[in-house]
Amino acid sequence: MSEAEGYPGIGRTLVIIPTYNEADNVRVITERVRKAVPEVDILVADDNSPDGTGAIADELALADDHIFVLHRAGKEGLGAAYKAGFAWAKNKGYDAVVEMDADGSHAPEELHKLLDALGDHDVVLGTRYIPGGSVHNWPMHRLLLSRGGNIYIRMALGMPFKDATGGYRAYRIGVLDKIDVETIASTGYSFQVEMAWRSYRQGYRMIEVPITFTEREHGVSKMSGNIFKEQLLRVTIWGAQARTESLRKVLNRKPRQGSTWP
């Protein structure tokens, strides 16, 4: 299969890389993706970075017809950037999309693992916390925060996934319409949890594959305490809503003939 036909078993695939002040990273990450999986296209979704990231991406796009740039008006958050990228992909007729960070924390050399798994699934989550997965260069408090948050998410939402907060994942394009991605209100890292939660509730075929996560070497992390608080609050609300909905269904269920229940 030629590059023009896309990735084997999937079709035309777009890797969406949101950027904000990633001038030190955007050239390296796109080169690594193109070398690792030459069949895919890349969309750099830049939030009007003041450090010139968008201009560098334009240069890359001029030199390579597998690279495209989406210039956005300003910094609106990770979720907004991905939603804009998803809309672009659907408009261009892609069959699948991949989420990937610009800072090198997601290894393009592992992209084939996600895409191979997508051949038999609708959603693939790159996961740090299953056998074969790992985290490099994180301080202990950051690792404990992440793992503890994921334990809470499993308890609150009843999803089986060990890493619902990870940002390295792949979706078949039809999933985005079914989960009504345009109505997702989360803007920070809870966007990833809500995407997984909606996909899980719709009954899509989902799988986790192990990845190696490496903390960025250049630039500044976008994680903050407010983002973590937003994530916990939203997860708590979703869990409460799901339990209320389940209870309502039980209470409204008609008893079988001859039964005195409830």
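Preceding this paragraph is the structure being described.
Note that the coordinates shown come from a computational prediction; the quantities given were computed from them, not determined experimentally.

### Description of helix H1 (residues 26–36)
No. 1: When H1 is considered as a whole, its buried residues turn out to be Val-26, Ile-29, Thr-30, Val-33 and Arg-34. Seen from one end, H1 has its buried residues packed into an arc of 130 degrees, which puts them on one side.
No. 2: Looking at the buried residues of H1, the elements they touch are strand S1 (13–19), strand S2 (41–46), helix H2 (53–63) and strand S3 (67–71).

### As for the nonpolar core
No. 1: In this structure, Phe-86, Val-97, Leu-157, Met-159, Leu-176 and Met-195 are the most contacted members of the largest nonpolar core, which totals 34 residues.
No. 2: Among the elements of the structure, S1, helix H3 (78–91), strand S5 (123–127), helix H5 (140–157), helix H6 (173–178), helix H7 (190–201) and helix H8 (225–252) are those that each provide at least two residues to this core.
No. 3: Leave out the neighbours within four places in its chain, and Phe-86 touches Ile-16, Val-97, Glu-99, Leu-176, Val-181, Phe-191 and Met-195.
No. 4: Within the second largest apolar cluster, 30 residues are counted, among which are Val-44, Val-98, Ala-102 and Leu-114.

### Some words on the pattern of salt bridges
No. 1: Tallying each qualifying case throughout the model produces eleven salt bridges.
No. 2: A salt bridge links Arg-198 to Glu-194, with the shortest nitrogen-to-oxygen separation between them at 3.0 Å. In this pair, Arg-198 and Glu-194 both sit in helix H7, four residues apart, roughly one turn of the helix.
No. 3: Beyond isolated ion pairs, a larger network of salt bridges with shared partners links Asp-47, Arg-72 and Glu-76.

### Describing the sheet that holds strand S7 (residues 169–172)
No. 1: With mixed pairing, the seven strands of this open sheet are ordered in space as S3-S2-S1-S4-S7-S5-S8. Two strands close off the open sheet at either side, each with one partner strand: S3 and strand S8 (206–210). Taken over all neighbouring pairs, the strand axes of this sheet differ in orientation by 20 degrees on average, direction set aside.
No. 2: Relative to S3, S2 is paired through five bridges, and the arrangement is parallel. Its bridge partner lying in S3, Val-44 is registered against Val-69.
No. 3: Where H3 meets the sheet, it contacts S1, S2, S3 and strand S4 (96–99), and its direction lies at approximately 150 degrees from that of S1.

### Digging into the packing of aromatic side chains
No. 1: A complete count under the given rule lists six aromatic pairs for this structure.
No. 2: Aromatic pair Phe-68 and Trp-88: ring centres 5.4 Å apart, planes at 50 degrees, arrangement tilted. Of this pair, Phe-68 sits in strand S3 while Trp-88 sits in helix H3, placing them 20 residues apart in sequence.
No. 3: Given a relative accessible area of 17%, Trp-88 falls into the buried group.
No. 4: Seen in terms of ring centroids, Tyr-82 and Phe-191 are 6.2 Å apart; in terms of plane orientation they differ by 10 degrees. Their pairing is stacked. Residue Tyr-82 is located in helix H3, and its partner Phe-191 is located in helix H7; the two are separated by 109 residues in the primary sequence.
No. 5: Of the residues examined, Tyr-82 reaches a relative accessible area of 0% and is grouped as buried.
No. 6: Since its relative accessible area comes to 0%, Phe-191 is described here as buried.
No. 7: Through a chain of ring-to-ring contacts, the aromatic side chains of Phe-68, Trp-88 and Tyr-94 assemble into a single cluster.
No. 8: Directly above the aromatic system of Tyr-20 lies the positively charged group of Lys-75, at a separation of 5.4 Å from the ring centroid.
No. 9: Above the face of the Phe-213 ring, Arg-128 is positioned so that its terminal group lies 5.3 Å from the ring centre.

Conventions we followed
Residues numbered from 1 in each chain as written. Predicted model: local features only at pLDDT ≥ 70, side-chain atom pairs only at ≥ 80, totals over all residues. Heavy atoms only, no water. Buried < 20%, exposed > 50% of the residue type's maximum accessible area, 1.4 Å probe, protein only. Helix = DSSP H or I, 4+ residues; strand = E, 2+ residues; numbered from the N terminus. Arc of directions from axis to C-beta. Contact = heavy atoms within 4.5 Å. Core = buried A, V, L, I, M, F, W, Y, C linked by side-chain atoms within 4.5 Å. Salt bridge = Lys/Arg side-chain N within 4 Å of Asp/Glu carboxyl O. Pairing = 2+ DSSP bridges. Axes fitted to C-alpha atoms, helices over the stretch in contact; angles between N-to-C directions. Phe/Tyr/Trp six-rings, centres within 6.5 Å; stacked < 30°, edge-to-face > 60°. Lys NZ or Arg CZ within 6 Å of the ring centre and 35° of its normal.

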